[in-house]
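Tertiary structure, described
What follows is each chain in one-letter form.
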Amino acid sequence: MADDHHSGRRKLADKHAPAGIMGDHIHQPGQWMVEYKYMNMYMEDNRIGTQTVSDQAAIDWGATSHPVTNRGATPTQMTMEMHMMHLMYGWTEDISLYSMVMLPALTMDHLRGPGNPAGSGTSFTTHNSGMGDLGLGALMRLYSDERNDWLLNLGCSVPTGDLFRTSSAPTAGMMNQTLPYPMRLGSGTFNARPGVTYRHFFDLCSFGSQATADLPIGRNDRGYRLGEHYRLSNWFQCLMTDNWALSIRDQHDWRNNISGQDPDATDMLISTNVENFRGGYWYSLAVGTQFTVGKNYFNAEIVPTIGQNLDGIQLETDYSIIASWSLAF
Ligand SMILES: [Cu+2]
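This structure is a prediction, so every number in the text was calculated from the model and none was measured. (Residues numbered from 1 in each chain as written. Predicted model: local features only at pLDDT ≥ 70, side-chain atom pairs only at ≥ 80, totals over all residues. Heavy atoms only, no water.)

**Observations concerning the coordination of the copper ion**
Quick note on the threshold: Nitrogen, oxygen and sulfur within 2.8 Å of a metal are treated as its donors, or within 3.2 Å for sodium, potassium and calcium (Na, K, Ca); water is not counted, so a site can appear incomplete. In this scheme the shape depends on donor count and angles: four donors with every angle between 85 and 135 degrees give tetrahedral, four or six donors with opposite pairs above 155 degrees and others between 65 and 115 give square planar or octahedral in turn, and any other case is irregular. Whether a residue is buried, partly exposed or exposed follows from its accessible area with a 1.4 Å probe, protein chains only, as a fraction of its type maximum: under 20%, in between, or over 50%, in that order.
Binding of the copper ion to the protein goes through His25 (NE2), His27 (NE2), Met33 (SD) and Met88 (SD), at separations of 2.0 to 2.3 Å. Taken together, the 4 donor atoms surrounding the copper ion define angles of 101 to 121 degrees at the centre, an arrangement classified as tetrahedral. Every donor residue of the copper ion comes from the same chain, spaced as H-x1-H-x5-M-x54-M. Given a relative accessible area of 4%, His27 falls into the buried group.

**Some details on empty space enclosed by the protein**
The criterion, for reference: For each structure, a 1 Å grid was placed over the protein atoms alone; sets of points admitting a 1.4 Å probe that cannot get out are labelled cavities, open sets with protein on both sides within 12 Å along at least five of seven lines are labelled pockets, and lining residues have an atom within 4 Å of a point. Grid points are joined across faces, edges and corners, and a volume is the space filled by probe spheres set on the points. The helix count covers DSSP runs of H or I at least four residues long, the strand count covers runs of E at least two residues long, and both are numbered beginning at the N terminus. Residues are grouped as follows: Ala, Val, Leu, Ile, Met, Phe, Trp, Tyr, Cys and Pro are nonpolar; Asp, Glu, Lys and Arg are charged; every other residue, Gly included, is polar.
For the structure on display, the rule yields 2 cavities of 30 Å³ or more. Taken as a whole, the second largest cavity encloses approximately 90 Å³ of empty space. Those elements that place two or more of their residues in the lining of the second largest cavity are strand E1 (32–49), strand E3 (73–90) and strand E17 (296–328). The greatest single-element share of the lining of the second largest cavity, amounting to 3 residues, is contributed by E1. Each residue belonging to the lining of the second largest cavity can be placed in one class, and the counts come to 7 nonpolar, 6 polar and 3 charged.

**A short note on a nonpolar patch on the surface**
Counted only if it meets this: Each patch is built from salt-bridge-free residues with over 30% relative accessible area, joining like charges within 9 Å and nonpolar side chains (Val, Leu, Ile, Met, Phe, Trp, Tyr) within 5 Å. Each accessible area is a Shrake-Rupley result for a 1.4 Å probe, and residues are judged covered by the shown protein chains and nothing else. For this analysis, a salt bridge means a side-chain nitrogen from Lys or Arg found within 4 Å of a carboxyl oxygen belonging to Asp or Glu.
Taken together, the side chains of Phe202, Phe236, Ile248, Val287, Ile302 and Tyr319 present a nonpolar region at the surface, about 510 Å² in accessible area. Tracing the sequence through the fold places Ile248 in strand E14 (residues 244–255). Of the residues examined, Ile248 reaches a relative accessible area of 52% and is grouped as exposed.

**Observations concerning the pattern of salt bridges**
In total, this model carries 12 salt bridges according to the counting rule given. Between Arg193 and Asp214 there is a salt bridge; the shortest N-O distance is 3.4 Å. Remark: Asp214 occurs in strand E11 (residues 205–216) and Arg193 occurs in strand E10 (residues 191–201); sequence separation between them is 21 residues. By sharing partners, the salt bridges in this structure join Arg184, Arg222, Asp262 and Asp264 into a single network.

**Observations concerning the environment of Met41**
To keep things clear, this is the line we draw: By the convention used here, residues are in contact when the closest approach between their heavy atoms is within 4.5 Å.
For Met41, the location among the structural elements is in strand E1. Considered as a pair, Met41 and Ser324 are 283 residues apart in the sequence and their alpha carbons are 15 Å apart. Sequence-distant contacts of Met41, defined by excluding residues within four places in its chain, comprise Met78, Thr79, Met80, Thr317, Tyr319 and Ser320.

**With respect to the packing of aromatic side chains**
Put simply, the rule reads: Pairing of aromatic rings covers Phe, Tyr and Trp, the last counted by its six-membered ring, and requires centre-to-centre distances within 6.5 Å; plane angles under 30 degrees mean stacked, over 60 mean edge-to-face, and any other angle means tilted. Working rule: Lys NZ or Arg CZ, within 6 Å of ring centre, within 35 degrees of ring normal, means a charge sits over the ring.
One pass over the full model with this rule turns up 8 aromatic pairs. Taking 4.7 Å as the distance between ring centres and 40 degrees as the angle between the ring planes, the aromatic pair formed by Trp150 and Tyr198 counts as tilted. Note that Trp150 is positioned in strand E7 (residues 148–158) and Tyr198 in strand E10, a separation of 48 residues in sequence. Residue classification places Trp150 among the partly exposed residues on the basis of a relative accessible area of 37%. When the centroid spacing of 6.5 Å and the interplanar angle of 50 degrees are considered together, the rings of Phe202 and Phe236 count as tilted. Of this pair, Phe202 sits in the loop between E10 and E11 while Phe236 sits in strand E13 (residues 229–241); the two residues are 34 residues apart in sequence, bridging distant segments of the chain. The class for Phe236 is partly exposed, based on a relative accessible area of 35%. The residue whose ring lies beneath Arg255 is Trp282, and the NZ or CZ to ring-centre distance is 5.4 Å.

Below, the structure written as structure tokens:
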């Protein structure tokens, strides 16, 4: 029964976890997998703690906050788009290797504040896109039997994303300013990305649970380190047919604030420059579907954020969409 975990049950439409999960499976020795994954996260309106506020209230709040902020502008909405090229290879029976190229496209809309020489109350948009940080790692089987899989993910990221882009849009062309923290393409540090995944296969359904961490190491070339990010997710998939499954999933995200400080990120200008206004807790509930067409595997999810408690003032997350195509050969 040595090949049990390759046969039968694990070849059906729930063979991969829902689209928002990575590192949930390994491959047979010599097998390759290519995947393209698309994600877009939609954020609109500011939130102070758990309280949503208007754009004008976000500017007013910054006049007396600690530190004082949003004198130049407040963000009003953002889309965080991500194109991911994922490659997996089954190295041995129990170890698969992977790499992941990330191509983010970030767009943020703003309302100018009272200290902006380009005129209070007017709006502008900034955009940034290109190569993000490169993900690399190994997935190891800790234990498998006929119904259960335990996998360990030993991953990391390499700082290939640019931190130095500037924009003159905030001042309508009068001066160039460094883009604030959430508009940068990478973390600037090497990050450790460990994870553990458990899966259990019933006859017609499956359950999974995964804990992951993204742990930046040291300081980057701009003198700071992004906050640690921890995620816990649980999901349930049910087979409608052998080739089609439906999924539900919960997701808890905890993120810490930034350590250190980029001297060019002036707190007073905008809340996205404030190191202590990046952390928080987010709770999301996803629904999704997985299906195969020949050897092609399709996976899609919509992930509304149900609850969030943010440090300081930040844009609130409304929902994400995630979709992928993959092929193993
Ligand atoms: Cu794979």
